[in-house]
Amino acid sequence: MTIERKQPKPKTCKNPACGEKFVAQRLGQAVCSPKCGLAIKDVNQTKARKALADVGRRDIKVRKEALKTRADHAREAQAVINRYVRLRDAHLGCISCDKPATWGGQWHCSHFRSVGAAPHIRYNLWNMNRACSVCNNH
Ligand SMILES: [Zn+2]
Ligand SMILES: [Zn+2]
């Protein structure tokens, strides 16, 4: 029985700027010379940096998108609740002055504690009352 040594097949250098045929001297050798090795290392690093920057940009965009929709939802929820409170308190007068329910002016939904001062209870119905536009604006 004879052991047949296969003739190593020449590979093509992985450096696109070179493309030379070469016979690998060691396992996994992908380039014809150390110089070409350095060249593709540079290319790969640039590619990796670019990919990383791309991912970062996409991530920021996604986060901005999420933030926008969260703000939109908050605005929509607030509008619905405000309408609900105005209807709930339709039979009541102004929470802050003596205007009766029959007052013909504009009615607002007033936060007893302002949204800015107490954002955690902005949707709390006990924190919201019908108020005339005069009181709510002051
Ligand atoms: Zn080469
Ligand atoms: Zn009032």
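Residues numbered from 1 in each chain as written. Chains lettered and ligands numbered in written order. Predicted model: local features only at pLDDT ≥ 70, side-chain atom pairs only at ≥ 80, totals over all residues. Heavy atoms only, no water.

Residues Cys13, Phe22, Val31, Cys36 and Ile40 constitute the largest nonpolar core, which totals five residues. Excluding residues within four positions of it along the chain, Phe22 makes contact with Pro10, Lys11, Thr12, Cys13, Gln29, Ala30, Val31 and Cys32. (Core = buried A, V, L, I, M, F, W, Y, C linked by side-chain atoms within 4.5 Å. Buried < 20%, exposed > 50% of the residue type's maximum accessible area, 1.4 Å probe, protein only. Contact = heavy atoms within 4.5 Å.)

The protein atoms donating to the zinc ion (ligand 2) are Cys94 (SG), Cys97 (SG), Cys132 (SG) and Cys135 (SG), with metal-donor distances spanning 2.2 to 2.3 Å. Taken together, the four donor atoms coordinating the zinc ion (ligand 2) span angles of 104 to 119° at the metal, a pattern that classifies the geometry as tetrahedral. Here the donor residues of the zinc ion (ligand 2) share one chain and are spaced in sequence as C-x2-C-x34-C-x2-C. Placement of the pair is Cys97 in the loop between helix H1 (34-88) and strand E3 (107-111) and Cys135 in helix H2 (residues 133-136), with a sequence separation of 38 residues. Under the relative-accessibility criterion, Cys97 is labelled partly exposed at 23%. Overall, Cys135 belongs to the partly exposed group, its relative accessible area being 21%. (Donors = N, O, S within 2.8 Å, 3.2 Å for Na, K, Ca; no water. Tetrahedral: all angles 85-135°; square planar, octahedral: opposite > 155°, others 65-115°. Helix = DSSP H or I, 4+ residues; strand = E, 2+ residues; numbered from the N terminus.)

A few words on the pattern of salt bridges. Scanning the entire structure with this criterion turns up four salt bridges. A salt bridge links Asp54 to Arg57; its shortest N-O distance comes to 2.7 Å. On the criterion of helical spacing, the pair formed by Asp54 and Arg57 is a turn pair, its members being three residues apart in helix H1. The class for Asp54 is partly exposed, based on a relative accessible area of 35%. (Salt bridge = Lys/Arg side-chain N within 4 Å of Asp/Glu carboxyl O.)

Burial runs high along E3: five of the five residues are buried. The alternating pattern of E3 places Trp107, Cys109 and His111 and His108 and Ser110 on opposite faces, both of which are buried. Of the pairings in the sheet, the one linking E3 to strand E4 (residues 128-132) comprises five bridges and is antiparallel in character. If you follow Trp107 over to E4, its bridge partner there is Cys132. (Pairing = 2+ DSSP bridges.)

This part takes up the coordination of the zinc ion (ligand 1). For the zinc ion (ligand 1), the protein coordination sphere consists of Cys13 (SG), Cys18 (SG), Cys32 (SG) and Cys36 (SG), at 2.3 to 2.4 Å. The coordination sphere of the zinc ion (ligand 1) comprises four donor atoms, whose angles at the metal cover 105 to 116°; the geometry is tetrahedral. A relative accessible area of 27% means that Cys18 is categorised as partly exposed.

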